[in-house]
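The residues making up each chain are set out below.
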2 protein chains.
Amino acid sequence: MKYNNDTILRLFESALDQLQTPEEPELLYTPIIYSMSGGGKRLRPVLLLLSVDAFGGSVEEAVPAALAVEVFHNFTLLHDDIMDNASMRRGKPSVFAKWGGNVALLSGDTMLIMAYKCLARVKSENLQRVLNIFCDMAAEVCEGQQYDMDFETQTTVSAEEYIAMIERKTSALLSGSAMIGATLAGASDDDIKKIYRFATELGLAFQLQDDLLDSYGDECLGKKIGGDILEGKKTFLMIQAMRMATHEEREVLATTHLNKQLSDAEKIALVKSIYDKYDVKRYTEQQIEVRFDRALLALDTLSIAGERTQHLAEFARNLMGRKK
Amino acid sequence: MKYNNDTILRLFESALDQLQTPEEPELLYTPIIYSMSGGGKRLRPVLLLLSVDAFGGSVEEAVPAALAVEVFHNFTLLHDDIMDNASMRRGKPSVFAKWGGNVALLSGDTMLIMAYKCLARVKSENLQRVLNIFCDMAAEVCEGQQYDMDFETQTTVSAEEYIAMIERKTSALLSGSAMIGATLAGASDDDIKKIYRFATELGLAFQLQDDLLDSYGDECLGKKIGGDILEGKKTFLMIQAMRMATHEEREVLATTHLNKQLSDAEKIALVKSIYDKYDVKRYTEQQIEVRFDRALLALDTLSIAGERTQHLAEFARNLMGRKK
């Protein structure tokens, strides 16, 4: 293999720098440049390119597809920020906050079209398969977002419903990226299924860990603790607690974020006291382990030599913030 | 040729009836079905299929591409209605009014993805070219919408700027459809350029006529007269009047729609009195003729036999509401 996680990221960033947009209309394209240059970890294109490399394909030829998934990801952020009324994104004002809803809407639409324009550079012989995977992945992300919004007004959400939602909202873009990479490298259908499994489970582990860190994360990491609790979000932790709690506790879980007599710190402490009573933290950690193990196991079953999967395994560990 | 305008519309409608969407999430897909079954003249898919037929291609095989342009067109309506705050569409409540902005946004996104999913059914040998035409066309439509919104806050808009805007907002989807049809039928690059010219000029003639009818249309047609004037829209008529008017008249043109002391009828009469003074109606009619003639002329220069273009010419006349 010619690349590792760092060199592949550099290759991708330099391709991204060369991505051209027209200069006018300015209000359409300036927000796109702003959004694309706003940093981000480029997880999806890196996973796509690592997947190409693992299966012995040409990483250079796969760059347009990698651009497509990254442009798509940034499109979802523009539109999500409209729906969530979010003023900040990656520590900067969101496009929505900076230019307003109409600009974020139309610039987002244009980014979705740009993503497909990148995809059109995929070699003709692979284009149909890749286009189908991309469309299915993209539709799943929208479905996930809709379920997530549905949950806000739904009284109860089951763990199964929640997993089905994040499988779409978080995992689909990772698994789609990995599958596109494998497809471009000419992997077998069986290997494509396995790399799909790898990325799906990894995405679930990642999202569950995200939920966990929001309530139990290390303050040193700079992330504010308890944001989900203050929003009354139905996270995996909340859903587990709801499942086990008494009738009275369920009422507390459902309404604390609306309670005007409590400070933020008191709200967080109150909800976490119920989480702690039912050992929700440990249960979530176990679930993360199960998903992460399944992801790595899926890698081991690929038909390629073990050492070819080492960068994918490293990607998975990096994503989860693990050394080994 | 196997089809005429009527039979091709029926073929398309029956394909549209068979277009499948998942059942869930309901709030994502119900608005899509509502939007797609809301009628409309199916102009773009019909033009695409007529173009295929004119060049001797397989109309049946082109149906997925025709579905793609129609789904795309309906996607633009969903998002335009958000941007324009529009409560009605084709005589029914808009998706925006019925389900709210977030639903219209996300269902619209999903329709754009669905359009590409339809396109993925195009034969592999044509897919790359068709995908490129489609993406360029789609981006132009967004650019046109942005220019149109820019004009609202721009003090002056030149006739050239206006034509450049409607070339994108109105013509691009027609010309893109015609080009995709010709491409699928294996037309030469030269013929594809000419059919692009045909549809572009036709789109311009159509939009200028739309502007004209809004101020001078026949009340019998059931369309309310003067809507553009009451909105203060910078239509082709307004731009021409502005160009020729005195300083005082320009002030009247620019501010009448905001004047709270006038009734709607008085506002319309006042603006039209300035239009009439400068013969704006006749000038616009002439421009429509010029564009329509150019469209038909472009058809005559195609390399195919004259009788093969008869249905395209009929399409053009129907679009303009003309008998001959």
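Residues numbered from 1 in each chain as written. Chains lettered and ligands numbered in written order. Predicted model: local features only at pLDDT ≥ 70, side-chain atom pairs only at ≥ 80, totals over all residues.

A count of helical and extended segments in chain A gives 15 helices and two strands. Computed over its C-alpha atoms, the radius of gyration of chain A comes to 20 Å, within 12% of the 20 Å expected for a compact globule of 324 residues. Overall, the C-alpha framework of chain A stretches about 60 × 50 × 35 Å when taken along its three principal axes. Pairs at least 24 residues apart make up 72% of the contacts formed inside chain A by residues separated by at least 6 positions. (Helix = DSSP H or I, 4+ residues; strand = E, 2+ residues; numbered from the N terminus. Rg over C-alpha atoms; globule rule 2.2 N^0.38 Å. Contact = placed C-beta atoms within 7 Å.)

Looking now at the relation of the copies chain B and chain A. Least-squares fitting of chain B to chain A yields an RMSD of 0.0 Å, with the transformation described by 0.0 Å of translation along the axis and a rotation of 180 degrees. Taken together, the rotation and translation describe the operation of a two-fold axis. Here 100% of the contact residues of chain B are again contact residues in chain A; the copies associate through an equivalent surface. (Least-squares fit on C-alpha atoms with pLDDT ≥ 70 in both.)

With that settled, consider the environment of Ile274(B). With respect to the helices and strands, Ile274(B) occurs in helix α13 (residues 264-277). Beyond its immediate chain neighbours, meaning those up to four positions away, Ile274(B) contacts Ala241(B), Ala245(B), Glu249(B), Val252(B) and Leu253(B).

This brings us to the interface of chain B and chain A. Contacts between the two partners involve 31 residues from chain B and, on the opposite side, 31 residues from chain A. Sorting elements by how many residues they give to the side of chain B that touches chain A places helix α7 (residues 124-153) of chain B first, with 15 residues. A per-class count over the side of chain B that touches chain A returns 19 nonpolar, eight polar and four charged. (Nonpolar A, V, L, I, M, F, W, Y, C, P; charged D, E, K, R; others polar.)

Residues and elements named next belong to chain A. The buried count for helix α11 (residues 236-244) comes to seven of nine residues, which makes it a mostly enclosed element. Residues of α11 that are buried include every one of Phe236, Leu237, Met238, Ile239, Gln240, Ala241 and Met242, and no others. Buried residues in α11 make contact with α8 (159-184), α9 (189-216), α12 (247-255), α13 (264-277) and α14 (280-300). (Buried ≥ 20, exposed ≤ 12 C-beta atoms within 10 Å, placed from the backbone.)

Here we come to the environment of Ala115(B). Residue and element names in this part refer to chain B. Structurally, Ala115 is set in helix α6 (residues 101-119). Taking the C-beta count within 10 Å as the criterion, Ala115 has 23 such neighbours and is therefore assigned buried. Along the chain, Ala115 and Ala295 lie 180 residues apart, while their C-alpha atoms are 28 Å from each other. Other than its neighbours up to four places away in sequence, Ala115 contacts Ala68, Val71, Phe72 and Phe75.

Glancing now at α13(A). Residues and elements named next belong to chain A. Over its 14 residues, α13 extends 20 Å from the first C-alpha to the last, a length consistent with the 20 Å expected when each residue adds 1.5 Å. The set of residues buried in α13 consists of Ile268, Val271, Ile274 and Tyr275. Along the long axis of α13, the arc covered by the buried residues comes to 130 degrees, so they all point the same way. Relative to its buried face, α13 has exposed residues pointing more than 90 degrees away, namely Ala265, Glu266 and Ser273. Buried positions along α13 lie against α9, α10 (227-231), α11, α12 and α14. Phi turns positive, to about 60 degrees, at Asp279, one or two residues after α13. (Expected span 1.5 Å × (residues − 1). Arc of directions from axis to C-beta.)

A separate point is unusual backbone geometry. Between Glu24(A) and Pro25(A) the backbone carries a cis peptide bond, its omega angle lying at -5 degrees. With respect to the secondary-structure elements, Pro25(A) resides in the loop between α1 (5-17) and α2 (26-36). Phi is positive for Asn85(A), close to 60 degrees, though the residue is something other than glycine. With respect to the secondary-structure elements, Asn85(A) resides in the loop between α4 (63-83) and β1 (88-89). Judged by local crowding, Asn85(A) falls into the exposed class, with 11 C-beta atoms found within 10 Å. One non-glycine residue, Arg90(B), adopts positive backbone phi at about 50 degrees.

Contact pair helix α6 (residues 101-119) of chain A / helix α4 (residues 63-83) of chain B: the axes reach a minimum separation of 10 Å and the direction vectors enclose 160 degrees. The angle between α6(A) and α4(B) falls in the class roughly antiparallel. In this structure, α6(A) crosses over α4(B), and the sense of that crossing is left-handed. Mapping the contact onto sequence places Asn102(A), Leu105(A), Leu106(A) and Asp109(A) in α6(A) and His79(B), Ile82(B) and Met83(B) in α4(B). Partitioning the contact of α6(A) with α4(B) into residue classes produces four nonpolar, two polar and one charged. (Axes fitted to C-alpha atoms, helices over the stretch in contact; angles between N-to-C directions. Parallel < 35°, antiparallel > 145°, perpendicular 65-115°, else oblique. Left-handed = near helix turned anticlockwise from the far one by under 90°.)

Before going further, it helps to examine the nonpolar core. Counting residues in hydrophobic clusters, the biggest one holds 206 residues, and the most contacted among them are Ala65(A), Ala115(A), Leu119(A), Ala65(B), Ala115(B) and Leu119(B). Both domains that furnish three or more residues to this core are identified here as domain 1 (1-137) and domain 2 (188-324) of chain B. (Core = buried A, V, L, I, M, F, W, Y, C linked by C-beta atoms within 7 Å. Domains from an automatic or database assignment.)

This brings us to the environment of Leu48(B). All names here are of chain B. By secondary structure assignment, the location of Leu48 is in helix α3 (residues 43-54). For the pair Leu48 and Ala178, spaced 130 residues apart in sequence, the C-alpha to C-alpha distance is 4.8 Å. If sequence neighbours within four positions are ignored, Leu48 has contacts with Ala62, Ala65, Ala66, Val69, Ser177, Ala178, Ile180 and Gly181.

Right, let's get into the confidence of the model for chain A. The predicted model of chain A has a mean per-residue pLDDT of 96, with 98% of residues at 70 or higher. Under the prediction, the complex receives an ipTM of 0.97, its pTM being 0.97. (pLDDT = per-residue confidence, 0-100.)

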